[in-house]
Amino acid sequence: MKLLTCKETTRLVSQGLDRELEFGERVALRVHFAICLGCRRAGRQMAFLRRAVRALSEPRQQGS
Ligand SMILES: [Zn+2]
């Protein structure tokens, strides 16, 4: 299995907000999160910020 660097992890997390990650990518992310607290925190923060921005830019909820 391929181990991600922190840089690759950050990039994958960011891509994961825009597209469906492949199974191997999700596994690699989980493995990295398991060993790296910094990326776990950063990933959570990124997802939160993205949701907040989306909520502000789309006042009308469509579906979901
Ligand atoms: Zn990391």
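Definitions and cut-offs
Residues numbered from 1 in each chain as written. Predicted model: local features only at pLDDT ≥ 70, side-chain atom pairs only at ≥ 80, totals over all residues. Helix = DSSP H or I, 4+ residues; strand = E, 2+ residues; numbered from the N terminus. Contact = placed C-beta atoms within 7 Å. pLDDT = per-residue confidence, 0-100. Axes fitted to C-alpha atoms, helices over the stretch in contact; angles between N-to-C directions. Parallel < 35°, antiparallel > 145°, perpendicular 65-115°, else oblique. Left-handed = near helix turned anticlockwise from the far one by under 90°. Nonpolar A, V, L, I, M, F, W, Y, C, P; charged D, E, K, R; others polar.

For this particular structure, what's the right way to read the environment of Phe-33?
Within the fold, Phe-33 resides in helix α2 (residues 23–35). Separated by 27 residues in sequence, Phe-33 and Cys-6 place their C-alpha atoms 9.5 Å apart. In this structure Phe-33 touches Cys-39, Arg-40 and Gly-43, once residues within four positions along its chain are discounted.

Would you mind going over the confidence of the model for the chain with me for this structure?
Close inspection of predicted coordinates is inappropriate for parts of the model with low pLDDT. Across the chain, the average pLDDT comes to 89, with 92% of residues at or above 70. Within the chain, α2 carries the highest mean pLDDT (95), whereas helix α3 (residues 37–57) carries the lowest (90).

Can you walk me through the packing of helix α1 (residues 6–16) against α2 in this structure?
Two quantities define a packed helix pair, namely the angle between the axes and the distance from one axis to the other. Put simply, α1 and α2 touch, their axes get as near as 10 Å, and they point 130° apart. Between α1 and α2, the crossing angle belongs to the class labelled oblique. In this structure, α1 meets α2 at a crossing whose hand is left-handed. In this structure, α1 contributes Thr-9, Leu-12 and Val-13 to the contact, and α2 contributes Glu-25, Leu-29 and His-32. Classifying every residue of the contact of α1 with α2 by side-chain character gives three nonpolar, two polar and one charged.

Would you mind going over the packing of α1 against α3 with me for this structure?
Contact geometry of α1 with α3 gives a least axis separation of 10 Å together with a crossing angle of 20°. When the axis of α1 is compared with that of α3, the two are roughly parallel. In the crossing of α1 with α3, the sense of the turn from one axis to the other is right-handed. On α3, the residues that touch Cys-6, Thr-9, Thr-10, Val-13 and Ser-14 of α1 are Gly-38, Cys-39, Ala-42, Gly-43 and Met-46. A breakdown of the residues in the contact of α1 with α3 according to their chemical character gives five nonpolar, five polar and no charged.

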